[in-house]
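Examining the three-dimensional arrangement
Each chain, written out:
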Amino acid sequence: MKPLTHTQTQELLQLAADGLLQPGQRAQLDAHLAGCHECAAYASELDSLQALITSSLNERWGQPSLPDDAGRRLQEQALRTRPGAGLGKLWFLLLALPLAALLAWQLLAPAPLIPAAPTETQPASPSATVAPPTVTSSPVASATASVPFVPTLFTVPAQTTNCREGNSSQFDIVDTLYADERYEPLGRGRDELWLQFRGPVSGVRCWAYVGNLSVLLNDEVVQLADVPESVLPYLAYPATPTIPPTPEPTSTPVPQCSDGLDNDGDGYIDMQDRECSDPTDNNEAN
Ligand SMILES: [Zn+2]
């Protein structure tokens with residue numbers, strides 16, 4: 001087995017960190033490490049670097065927020081770009097890694113994976129010799145926040161429609177919705193029969209019967225029941241006004257000669273009674 005050079009050994013160590021080592025290479029690597037203090041130290045630095053990165057990132061962002069191999073990739077990237085091969089320069093990486101980690105986080109993190117609650121004041125891991133990446137603002141959320149879709153809802157009266165104080169014709173008319181105009185409803189009754197508006201003229205809230213109205217959600221005609229509650233809330237109807245008792249129409253008395261009764265007790269009813277001249281005759285007796 002051909003002995004490895006130090007450089008080859010360190011390359012294999014990086015492969016090992018990625019899990020890409022071939023079976024034969026592991027034996028070669030171990031053989032070299034067993035006899036080379038310098039490469040063994042390198043391997044040890046590699047391990048602790050990875051542990052540091054992983055712990056620092058996890059502590060900052062929470063375990064699920066970063067792919068498992070992110071730390072290793074960072075480390076690998078750092079090692080490949082480091083100047084020179086001298087092991088004494090590893091300390092430089094320790095300073096550069098927090099920045100690399102922060103940069104990589106912004107590049108690697110998918111947009112929806114916003115850290116649950118990154119606490120800015122979280123203390124560094126005791127084992128960390130450098131501060132975890134400091135963040136001055138929420139990294140991804142503010143940058144990619146998209147404008148929320150705002151649904152539009154209008155109603156268009158097919159005919160000029162009364163807008164009343166409540167959900168029946170017993171309520172007073174307080175405003176009018178004109179045919180073919182667009183009105184934005186404020187709410188609806190539970191029975192989906194009446195819509196509340198702000199009266200276009202009076203400014204007073206009033207109710208219009210839905211039968212006269214086309215409902216347009218995002219410019220498409222829909223059934224009122226299909227409009228989500230988040231778009232149009234349900235509102236309580238006002239109490240039905242106490243209407244003055246309509247005076248019982250003083251019942252025009254049915255004439256005796258058409259009331260179906262034997263009013264004078266002579267055995268004859270209505271027009272059978274000879275005393276009845278016609279059905280409007282109110283005296284069966286004479
Ligand atoms: Zn070596």
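Since the model is a prediction, treat every value here as computed from it, not as a measurement.

The rules we used
- Residues numbered from 1 in each chain as written.
- Predicted model: local features only at pLDDT ≥ 70, side-chain atom pairs only at ≥ 80, totals over all residues.
- pLDDT = per-residue confidence, 0-100.
- Contact = placed C-beta atoms within 7 Å.
- Helix = DSSP H or I, 4+ residues; strand = E, 2+ residues; numbered from the N terminus.
- Buried ≥ 20, exposed ≤ 12 C-beta atoms within 10 Å, placed from the backbone.
- Axes fitted to C-alpha atoms, helices over the stretch in contact; angles between N-to-C directions.
- Parallel < 35°, antiparallel > 145°, perpendicular 65-115°, else oblique.
- Left-handed = near helix turned anticlockwise from the far one by under 90°.
- Nonpolar A, V, L, I, M, F, W, Y, C, P; charged D, E, K, R; others polar.
- Arc of directions from axis to C-beta.

**So, the confidence of the model for the chain**
- A residue-level look at the chain finds 65% of positions with pLDDT of 70 or above and a mean pLDDT of 78.
- Across residues 81-89, confidence stays below pLDDT 50; counting only partners more than four residues off in sequence or on other chains, it has 8 contacts.

**Here we look at the environment of D273**
- Examined against the element boundaries, D273 turns out to sit in the segment after β8 (220-222).
- Classification of D273 by C-beta neighbours within 10 Å gives buried; the count is 20.
- The spatial distance from the C-alpha of D273 to the C-alpha of N286 is 9.3 Å, given a sequence separation of 13 residues.

**Observations concerning the packing of helix α1 (residues 6-18) against helix α2 (residues 23-35)**
- Put simply, α1 and α2 touch, their axes get as near as 10 Å, and they point 125° apart. Considered as vectors, α1 and α2 are oriented oblique to each other. Regarding α1 and α2, the two cross each other, and that crossing is left-handed. Here T9, L12, L13 and A16 of α1 come into contact with α2, specifically with Q25, L29 and H32.
- Looking at the contact of α1 with α2, its residues break down into 4 nonpolar, 3 polar and no charged.

**Considerations on α2**
- Taken residue by residue, α2 has L29, H32 and L33 as its buried positions. The buried residues of α2 all sit within an arc of 95° when viewed along its axis, so they share a single face. Projecting away from the buried face of α2 at angles above 90 degrees are the exposed residues P23, G24, A27, D30, A34 and G35.

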